[in-house]
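# What the coordinates show
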Amino acid sequence: MRPLLQLFTYSVGATQCLFLLALSSYEVQAQRLVRGSVRDATTHRPLAAVTIRLAQAQYSTSSHSDGSFTLALPALYQSDTLLLSCLGYTTQRLPLTTLDLAGGQQVLLHPQSAGLAAVAVTARKWQERAFGVTSARALVHFTDGTVPSGQAIEIAQLMRTGSGGAVLTSANLYLAAGLPDSVTLVLRFYRLEGERPTTPLIAQVIRQRAAIRPGWLRLDLTPYGLFLPQDFVLGVTITPSAATQAAIPYEIKLGGPAKSFARPAGAATWRVPPHHYRLYITARVPPAASTASDNQQPVASHRLYSPTVQDSFFLFVRLPKGYAQHPRRHYPVVVLLDANVYLDIVHDELCRQVADAPFILVGVGYRDAGLADSLRQRDDTYPAGLPADSLPVSGGGQRFLTFLQQELLPYVDHTYRTQPSNRTLLGHSLGGYLVLYALAENLQTGQGAFTHYVAASPVLYYHDQYVLQLLATLVPAATSQLVHLYLNNGARELTPHTAEGVATMTNFRTLAATLASGKFTSLQVQTHVYPDYGHLETAVPTFVESLQRVSTLLGKPN
């Protein structure tokens, strides 16, 4: 079992900046606190979203809108080198041993020079079009809670403008609420390689101050003469005001084909969030440019009525590569809950990270994302919620589990070539609660329909920790069937700094202790805590990494 809490910080690759730097340092509990401010050497204006990191260790931060920053470093790294970088400038390297920490250190650098790609002029009349998520209509309103308030974050989305080139005219981000202070936004333009943003397509970086008001925030790009010759990823770094330190209330979209990414500002590694951003660009493009829309929702493969639940479910099925070419092969089945949200994202990541994605992926969802938010509360919980749970409709988990095991799986086995002995159930949050409830039934009866259970950040407080008490008190059946549980959480869910964090940590430790007590001899458990991840961020990596392990255990389809 991995430790429940791990320290994790981020670093970023060589992007450059130029600045005026003042530093001071002192020891606090074996740490060195490095403070400074970053400015443009030519204009002496403050630079926001500058990355400050160590060269040999994963400690980093980024500058605020006024150029200021603070970086706490363990004293043992006093011989390391401090790197300050920002795209469009030259990276500054400062050995910590050479800094005048008492009197401060001043450094000036010059911007890097870079040219834009040439614009091809043709006789065809180009048209102005929008690319990205242009819809502001949300069936359910969500704002992104993956990064703590006051921290700078870079969100990004693929813009499918096509290979004919695009002259950018605006970038647009939908905001759910307003803030009393303006913020700095930094726009960058990346290549998409290996399904991740990589190197910049152009060196130019766009910085704009903007007031935060509800509705579409439009950033005019026409003065910059930006021409991009291919599809690109638009990255938007949002740096909160040093005065308010409030989270930026941009709104997200659930489900659909868009490709979205996020990372704390200055981090080297992109994360794949379980949602998309209401973010789009306008551009002048050739008449033959792509017409793909990122406003779409996943399209269901089947609609299946459940006599037990007395409602219909929408099934989203993705078959493995080569399914039609190998008519004698049978494949493991993966059942994914909350498919309206996760289906496209998880399938894309499986195809990228798991060789041939050798599963029949069956997503279980509802007619649309709006219904999914309310009906999942009905189907993923048991027993009915208490007043403290604040769920208007709940308690249908037993009926839903009966549907999954006695109605859905026979339908899938009849329709596709499956391996009935190799089935996996995936769930996040309330879906993770349902996964644990299904596991408890399996352990108690020895007759569960699944052999692998995957619970990402399961809700454990529901109904006075009902599922914890159920697992602690049940008597497991005498069975030789081996089952596996993959149980993951995010470190920021387990923080001791809030009452909710303390309760989540206590419940998680209680669950881990119960599962490791030795009474479940037919159960194998793997737990993991993602450093610096919040509740929403754990879903996609948990599902994909657990299925990597499952594919290793199962081998190739038979």
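As a starting point, this report considers the structure included with it. Computed from a prediction, not measured in an experiment: that's the story for all the values here.

Each helix and strand counted, the protein has 7 helices and 27 strands in total. Within the span of the protein, comprising 558 residues, buried residues form 56% of the whole. For the protein, contacts bridging at least 24 residues in sequence account for 77% of all contacts bridging at least 6.

Okay, the sheet that holds strand β6 (residues 92-95) next. Ordered in space as β3-β2-β5-β6, the 4 strands form an open sheet in which the pairing is antiparallel. Two strands in the sheet have a free side with no partner beyond their single neighbour: β3 (60-62) and β6. Averaged over neighbouring strand pairs, the angle between their axes works out to 20° when direction is ignored. Here strand β2 (residues 51-54) runs beside β3; their pairing, made up of 3 bridges, is antiparallel. Looking at the pairing, R53 lines up with S60 of β3.

All right, on to the packing of aromatic side chains then. Any aromatic ring pair is given by two values, namely how distant the centres are and how the planes are angled relative to each other. Enumeration over the complete set of coordinates arrives at 17 aromatic pairs. A connected cluster of aromatic rings, assembled from ring pairs, spans F313, Y366, F400 and F403.

Next up on the list: the pairing of β6. Side chains Q92 and L94 of β6 all project onto a buried face; the interleaved residues R93 and P95 project onto a face where none is buried. Where strand β5 (residues 81-85) meets β6, 4 bridges bridge the pair, whose relative direction is antiparallel. Across the sheet, T81 pairs through a bridge with P95, a residue of β6.

This paragraph deals with the environment of I153. Take I153: it is sitting in strand β8 (residues 153-159). Along the sequence, I153 and I238 sit 85 residues apart, while their C-alpha atoms lie 5.7 Å from each other.

With that settled, the discussion passes to helix α5 (residues 462-473). One turn of the α-helix equals 3.6 residues, which is why residues spaced by three or four share an orientation. Helix length check: α5, at 12 residues, gives a terminal C-alpha distance of 17 Å against a target of 16 Å (1.5 Å per residue), a fit within 8%. For α5, the full list of buried residues reads Y462, H463, V467, L468, L470 and L471. All buried residues of α5 fall inside an arc of 165° around its axis, so they share one side. Buried residues along α5 sit against α4 (430-445) and α6 (499-515).

What follows concerns unusual backbone geometry. For the bond running from Y382 to P383, omega is -5°, close enough to zero to count as cis. For P383, the location among the structural elements is in the loop between α2 (369-379) and α3 (397-415). Positive phi is not limited to glycine here, since D338 has a value of about 55°. One non-glycine residue, Q465, lies in the positive phi region at around 60°.

Take the sheet that holds strand β25 (residues 452-456) next. Sheets are built from strands that pair by backbone hydrogen bonding, the pairs being arranged parallel or antiparallel. Taken in spatial order, the 8 strands make up an open sheet running β20-β21-β23-β22-β24-β25-β26-β27, and their pairing is mixed. Edge positions in the sheet fall to β20 (302-306) and β27 (523-530), since each has one partner strand and no second. Each adjacent strand pair in this sheet contributes to an overall mean axis angle of 20°, direction not counted. Here 8 bridges tie strand β26 (residues 483-490) to β27, and the two strands are oriented parallel to one another. Counterpart to G490 in the pairing with β27 is Y530. Across the sheet, helix α1 (residues 339-353) touches β21 (311-318), β22 (331-337), β23 (360-365) and β24 (418-428), and the angle it forms with β23 is around 160°. Those strands touched by α6 are β26 and β27, and its axis lies near 160° from that of β26.

A few words on the nonpolar core. Ranked by internal contacts, the top residues of the largest apolar core, which has 61 residues, are L168, L187, F189 and L234. Beyond its immediate stretch of four places on either side in the chain, L168 contacts F189, L221, T222, L226, L228, F232, I281, T282 and A283. Counting 59 residues, the second largest nonpolar core, distinct from the first, contains L304, A449, F508 and F520.

Residues I206, Q208 and A210 point to one face of strand β12 (residues 206-210) and are all buried, whereas R207 and R209, pointing to the other face, are not buried. For strand β10 (residues 183-193) and β12, the ladder comprises 5 bridges, and the chain directions are antiparallel. Within β12, the residue paired with T184 across the bridge is R209.

Right, let's talk about the environment of P197 for a bit. Examined against the element boundaries, P197 turns out to sit in strand β11 (residues 196-200). A residue is classified by how much of its surface remains accessible, and P197, at 7% relative accessible area, is buried. In sequence terms P197 and T269 are 72 residues apart; their C-alpha atoms lie 9.5 Å from each other. Those residues in contact with P197 that lie beyond four places of it in its chain are Y190, R191, L192, V233, F261 and W270.

Analysis parameters
- Residues numbered from 1 in each chain as written.
- Predicted model: local features only at pLDDT ≥ 70, side-chain atom pairs only at ≥ 80, totals over all residues.
- Heavy atoms only, no water.
- Helix = DSSP H or I, 4+ residues; strand = E, 2+ residues; numbered from the N terminus.
- Buried < 20%, exposed > 50% of the residue type's maximum accessible area, 1.4 Å probe, protein only.
- Contact = heavy atoms within 4.5 Å.
- Pairing = 2+ DSSP bridges.
- Axes fitted to C-alpha atoms, helices over the stretch in contact; angles between N-to-C directions.
- Phe/Tyr/Trp six-rings, centres within 6.5 Å; stacked < 30°, edge-to-face > 60°.
- Expected span 1.5 Å × (residues − 1).
- Arc of directions from axis to C-beta.
- Core = buried A, V, L, I, M, F, W, Y, C linked by side-chain atoms within 4.5 Å.

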